[in-house]
Amino acid sequence: MKRILSALAAGTIFGAGIAISGMGNPAKVLNFFDPFGTWDPSLAFVMGGALLTAALGYRLLFGRRQTPLFDTKFHLPTARTIDAKLVGGSALFGIGWGIAGFCPGGAVPALGFAPWPTALFLIAMGGGILFARWLQALPRRQIA
């Protein structure tokens, strides 16, 4: 139960940060990607603040603890290679973010600002995830 409550608290803090910073508004995000038009640098400050907070948090957490407070081990990525799947997924994420103005984490708090466009984005994102999983499940052809 503590694990669920800590995840809820982290999600609530993240959502509040998205709402307070204005990053739930896709127009604000899209303006960041328009350097020769209505450029808005505030997203860079939000990302910089997030990176600084995460770097300090990781440094403090992993420097002092062998296990998390509410779990038996840390669940960290183990892959260290840059492959086509990583590059392709990153490119799709960036293209989708640039087109829609939403990232998956920021879209959920944005439901309070623009429910229908945001819901449409989340449904399309879910469909894309299901489609990708379906593609991954297809049998691979052997090249001989």
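First, a word on what this report is: a plain description of the structure on this page. (Residues numbered from 1 in each chain as written. Predicted model: local features only at pLDDT ≥ 70, side-chain atom pairs only at ≥ 80, totals over all residues. Heavy atoms only, no water.)

Quick notes on the side chain of Asp-40
- Looking at where Asp-40 falls in the secondary structure, it is placed in the loop between α2 (26-32) and α3 (42-64).
- A polar atom in the side chain of Asp-40 sits 3.0 Å from the side chain of Lys-28.
- Excluding residues that lie within four positions of it along the chain, Asp-40 makes contacts with Lys-28, Asn-31 and Phe-32. (Helix = DSSP H or I, 4+ residues; strand = E, 2+ residues; numbered from the N terminus. Polar contact = N/O pair within 3.5 Å; in protein donor to acceptor, adjacent residues only side chain to side chain. Contact = heavy atoms within 4.5 Å.)

Let's talk about the pattern of salt bridges
- Tallied over the full model, the rule gives 2 salt bridges.
- Arg-3 serves as the salt-bridge partner of Asp-71, at 3.7 Å between the closest nitrogen and oxygen. Here Asp-71, found in the loop between α3 and α4 (84-100), pairs with Arg-3, found in helix α1 (residues 2-21); they are 68 residues apart in sequence, far enough to count as distant.
- The exposure class of Arg-3 is exposed, given its relative accessible area of 52%.
- Its salt-bridge partner being Asp-40, residue Lys-28 comes within 3.0 Å of it at the nearest N-O pair. Here Asp-40 lies in the loop between α2 and α3 and Lys-28 lies in helix α2, a separation of 12 residues in the sequence. (Salt bridge = Lys/Arg side-chain N within 4 Å of Asp/Glu carboxyl O. Buried < 20%, exposed > 50% of the residue type's maximum accessible area, 1.4 Å probe, protein only.)

What about the nonpolar core?
- Within the largest apolar cluster, 7 residues are counted, these being Ile-18, Met-23, Val-29, Phe-32, Leu-43, Trp-97 and Cys-103.
- Here Leu-43 is in contact with Met-23, Val-29, Phe-32 and Trp-97, once residues within four sequence places are set aside.
- Counting 5 residues, the second largest nonpolar core, distinct from the first, contains Phe-102, Ala-107, Ala-110 and Leu-122. (Core = buried A, V, L, I, M, F, W, Y, C linked by side-chain atoms within 4.5 Å.)

Concerning the side chain of Ser-42
- Relative to the helices and strands, Ser-42 resides in helix α3.
- Engagement of the side chain of Ser-42 in a polar contact is seen with the side chain of Lys-28, the distance being 3.3 Å.

What to know about helix α6 (residues 115-137)
- With 23 residues, α6 should reach 33 Å at 1.5 Å per residue; the first-to-last C-alpha distance of 33 Å fits that figure.
- Buried within α6 are the following residues: Thr-118, Phe-121 and Leu-122.
- On the buried face of α6, the contacting elements are α4 and α5 (104-110). (Expected span 1.5 Å × (residues − 1).)

Here we look at α4
- Compared with an ideal rise of 1.5 Å per residue, which puts 17 residues at 24 Å, α4 spans 24 Å between its outermost C-alpha atoms and is within 8% of the ideal.
- Gly-101 sits one or two residues past α4 and shows a positive phi near 85°.

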